[in-house]
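# Coordinate analysis (summary)
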Amino acid sequence: MSYLEIACKAAKEAGRMIRSRAGGELAAEEKSSSFDVVTEFDKKAEQLIRASILEAYPDHAFLGEEETYHSSRPLHEVLEAAVDVPFLWIVDPIDGTTNFVHGIPGFTVSIGLACKGELVLGVVYDPSRDELFWAEQGKGAYLNGNPIKVSAAEHAAECVIATGFMPAYRELNIPSLASFGKQFRGIRVLGSAALHMAYVACGRLGAFWQYGLNAWDLAGGVVLVREAGGMVTDIGGGEFGLSVQHIICSNGKVHPAMISCLKQNVQ
Ligand code: IPD
Ligand code: CA
Ligand code: CA
Ligand code: CA
């Protein structure tokens, strides 16, 4: 099987497993705080994906959100070293655990593959809607087998955009809603960064920005957005890299308006 086939298969298997448990009797364990929770299904989904990938490619490296939490090696060190790693799979087994725990649709499985530090493949699966998004560098982006592209909107007023609130950045991000709200058609907080990126890729959203994300939140979505014709940068418009945490993804056309709203916020 190809890298893409393995990633799609693992995402669907994990997605089906978690779909049946969403909103059920789940023990949500607190990680850093009550805003940051994990369930046994985050861990099971990660193990399932890890096993599928490493069974097919035993010499590849794997970075999953949940195992990283217990690792003694700092994340920044792993990401800096990624430029020397031929194949690094970066996985968020449930992106949107809060939705999952509360039985709200919009939790996803997100899988990205980085070759020597550059993302080359991304898969995002939304089990609630049975929507599988995938993309490979140079080969386009797809939703359930059909090609997708970013929204053609030229102006902010034609776009619905989305954001998320990492606890440490809530106070910084909340004021920015005022400037975005004046220019854009609507703002959504769907609860999964990977879903937001997939929605930018298929044109449902014009753009997405967020402070404080980690590589596993982003790895599945970056190639999707790029291959669908969009842009992914840091919040100042600078180049994206695996260590970038404050990001903007858009259809490209409204990227300058996004950067300018965020600049007004930090002034
Ligand atoms: C979270 C989701 C959420 C975003 C948070 C992330 P998790 O990931 O992507 O949308 O706002 O910043 O941490 O913890 O559910 O995998
Ligand atoms: Ca988490
Ligand atoms: Ca996440
Ligand atoms: Ca997660």
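Residues numbered from 1 in each chain as written. Chains lettered and ligands numbered in written order. Predicted model: local features only at pLDDT ≥ 70, side-chain atom pairs only at ≥ 80, totals over all residues. Heavy atoms only, no water.

Per an unreviewed UniProt entry, the protein chain carries the name Inositol-1-monophosphatase and comes from Paenibacillus naphthalenovorans. Under the heading Cofactor (unreviewed entry), UniProt records this for the protein chain: "Mg(2+)". (UniProt positions renumbered as here; feature names shortened; annotations may be inferred.)

This brings us to the coordination of the calcium ion (ligand 4). Each donor-metal-donor angle would ideally measure 109.5 degrees in four-coordinate tetrahedral geometry, or 90 or 180 degrees in six-coordinate octahedral geometry. In the first shell of the calcium ion (ligand 4), the protein supplies E65 (OE), D92 (OD) and I94 (O), at 2.2 to 2.3 Å from the metal. Separating the calcium ion (ligand 4) from the calcium ion (ligand 2) is a gap of 3.8 Å, bridged by E65, which donates to each. In this pair, E65 is assigned in helix α3 (residues 65–69) and I94 in strand β4 (residues 88–95), connecting sequence segments 29 residues apart. In this structure, E65 and I94 share a single accessibility class: buried. (Donors = N, O, S within 2.8 Å, 3.2 Å for Na, K, Ca; no water. Helix = DSSP H or I, 4+ residues; strand = E, 2+ residues; numbered from the N terminus. Buried < 20%, exposed > 50% of the residue type's maximum accessible area, 1.4 Å probe, protein only.)

Our focus in this paragraph is the side chain of S179. Within the secondary structure layout, S179 lies in helix α7 (residues 176–183). Accessibility expressed as a relative area gives 10% for S179, which makes it buried. Ignoring sequence-local partners within four residues, the contact set of S179 consists of C261 and Q264. (Contact = heavy atoms within 4.5 Å.)

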